[in-house]
Every structure is written in C-alpha cells, then in structure tokens.
Amino acid sequence: MKIIKIILIASITLIVLLIMASFFLPSKLHIEHSLTVKTVPGIVYEQINTLNNWNNWCEWRKKDIEWKKTFTGPESGIGASYIWESQKSLVGNARITVIGNAPNDSVCIEFNSSDYGSAFGTFHFKYSDKVTTVRLSFDSDAGMNPVGRYLFLILRREIEKRVVHSLSNMKTIAESIYATPKKYRGYKIQEINSPEKIYITKKGSIGWDKVKKFYSQNISSVLKAVKKARLQLAGSSSGLFLEWDKSKKRIDMAVSVPVKSNKAKTKIKGYETIVI
C-alpha cells in the first residue's frame with residue numbers, strides 16, 4: 001500500500017511539473033517556407049485553390065495512400081473543404097477549408113484536426129522574371145493548453161519537413177503543366193502575363209450566331225469615337241467575351257479597341273471603359 005502511495009504521489013508530482021514546465025514552452029507555432037516555380041501564377045493558384053489537386057502533392061497523403069477522403073462545398077474557392085480520415089497516428093483525421101482567396105495572388109486556408117487542433121495557412125504568389133515565388137505562412141496557437149505546447153515541441157520538425165516536401169511536389173506538377181504544350185483544335189495555347197490595358201468598348205448580349213454581325217456593326221463606331229476623342233491606339237481591335245451561357249447559347253460580348261491613356265481620363269459618352 002505504501003509503495004502504491006509513493007507511486008501515486010510521484011506520478012501527480014511529475015504531471016504537475018510537466019504542466020508547469022509547459023508554460024515556459026512557446027504557445028504559438030509559426031512555420032514559413034517559400035520557393036520559386038517556373039510557371040505563371042495562375043497554374044500555382046489553381047493547384048492550391050482547387051483542393052482536389054492536393055491529393056496529388058500533399059505530403060500527408062503520401063504517408064497513408066489508403067486514407068479516406070471526402071470533398072464538400074464548391075469544387076474550388078471559398079467554402080471548399082477537403083476531409084481525410086486515417087488510422088495512422090502521424091496523419092490522423094483533419095479538414096482543410098479555403099476561407100479566402102484573391103485570384104493569382106493568394107489563398108487562405110483553415111486546418112482543423114481532432115488530434116492536433118486548428119491552424120491557419122496563407123499562400124502568397126508573386127510573379128517576376130518568368131517565375132512565380134510561392135510563400136506559405138502557417139500559424140497555430142495552443143493558448144494555455146499544455147498538451148498543445150508539447151505537441152508543437154515534438155512535431156515542429158515533422159510539420160516543417162512535410163510542408164517543404166509538399167510544396168516541392170506541387171512545384172514539380174505546376175512546372176510540368178506549364179511546360180506541356182496546350183492545344184485546342186490544332187492551335188497552340190500559350191499563357192502569358194501582359195501589362196494592364198485600357199479598352200474602349202461597346203457591349204451587348206447576343207446569340208452565338210450573331211457574334212460576327214455584332215462585331216461588324218459596332219467596330220466602326222468604336223474606332224470613330226476613339227479618333228474623335230483624340231486617343232492613341234495601343235493595338236488591334238478585338239472582341240472580348242465576358243460571359244458565356246451554354247444552355248441559352250448566348251454571350252455577353254464587348255467590341256473593344258485598346259488605347260493609350262490614363263483610366264481616369266478615358267471616358268467617352270455612349271461607350272464603356274474596361275481595364276484588363
């Protein structure tokens with residue numbers, strides 16, 4: 001009985017000491033990693049904003065190829081969720097949800113795990129010199145939870161390693177997509193980042209079979225209006241397709257002429273200015 005009492009007291013003392021020691025451990029986990037990808041921001045953005053793509057590069061997935069996965073909400077963007085369930089302790093059960101995004105600029109996610117708590121991550125994309133820099137900031141706060149603080153201490157290196165490997169996997173996929181020639185009906189498709197352009201336009205909602213007629217009826221008047229306003233052309237005229245309705249076979253189209261001017265000063269009565 002005396003031995004049991006000693007063991008009990010020692011156990012309680014150890015637990016108290018561990019709890020007290022936890023308050024000297026960091027309560028917050030911050031991990032940051034960046035890398036460059038030889039591609040345009042749109043391809044990287046799509047890999048991250050569409051959660052189904054994570055299945056191809058997320059390092060947690062590689063630790064258990066038999067885990068159960070479920071997608072809820074929209075296919076991509078805010079509200080999209082990726083849920084996984086695994087019997088392996090270092091994978092566990094978790095949910096990733098897109099909680100914010102800005103096309104080709106950033107994606108914000110929330111990570112919730114029944115085993116490791118919650119965290120928030122933000123991917124930022126910056127394009128320069130034909131490469132996209134991807135920077136991930138990952139943050140979690142254990143607060144006063146002593147278990148959470150010890151988990152940060154134990155798992156930090158493992159999480160950092162998986163973040164680095166995941167982004168490296170994503171880089172390989174994104175660069176492969178960018179390097180693969182895209183074609184449509186025999187024509188090569190090339191994605192490029194071009195400087196901002198200002199267009200003077202005449203818009204209309206028309207049937208698919210009226211596109212050519214609408215363009216020919218309006219291009220002359222747009223060119224005359226640009227000339228009358230003494231604006232300098234910045235390229236060839238074109239048709240901009242703004243909305244495409246397959247079910248009704250209708251399209252919102254803008255007959256457009258690019259001009260060299262400041263947006264604030266580019267206003268012509270009867271026409272609309274569009275900046276792309």
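Just above, that's the structure.
Please read all numbers here as calculations on a predicted model, not as lab measurements.

Notes on helix H6 (residues 211-228)
For H6, with 18 residues, the first-to-last C-alpha span of 26 Å sits near the 26 Å given by 1.5 Å per residue. Asn-218 marks where H6 bends most, by close to 35 degrees. Listing the buried residues of H6 in full gives Phe-214, Asn-218, Ile-219, Val-222, Ala-225 and Val-226. Here the buried face of H6 lies against strand S10 (198-207), strand S11 (232-233) and strand S13 (250-260). Residue Arg-230 follows H6 closely and has a positive phi angle near 60 degrees.

Concerning a nonpolar patch on the surface
A cluster of nonpolar residues, Trp-208, Phe-241 and Trp-244, forms a patch on the protein surface that exposes about 350 Å² of accessible area. For Trp-208, the position within the fold is in the loop between S10 and H6.

Points about the side chain of Ser-166
One can find Ser-166 in helix H5 (residues 146-179). For Ser-166, a relative accessible area of 5% gives the class buried. Beyond its immediate chain neighbours, meaning those up to four positions away, Ser-166 contacts Trp-57, Cys-58, Glu-59 and Trp-60.

Concerning helix H2 (residues 41-49)
When you tally the buried positions in H2, you get seven out of nine residues, the bulk of the element. Within H2, burial applies to Pro-41, Ile-43, Val-44, Tyr-45, Gln-47, Ile-48 and Asn-49.

What counts, and at which threshold
Residues numbered from 1 in each chain as written. Predicted model: local features only at pLDDT ≥ 70, side-chain atom pairs only at ≥ 80, totals over all residues. Heavy atoms only, no water. Helix = DSSP H or I, 4+ residues; strand = E, 2+ residues; numbered from the N terminus. Expected span 1.5 Å × (residues − 1). Bend = angle between axes of the 7 residues up to and from the residue. Buried < 20%, exposed > 50% of the residue type's maximum accessible area, 1.4 Å probe, protein only. Contact = heavy atoms within 4.5 Å. Patch = residues over 30% accessible without salt bridge, like charges linked within 9 Å, V, L, I, M, F, W, Y side chains within 5 Å. Areas by Shrake-Rupley, 256 points an atom, 1.4 Å probe, with all protein chains shown as cover. Salt bridge = Lys/Arg side-chain N within 4 Å of Asp/Glu carboxyl O.

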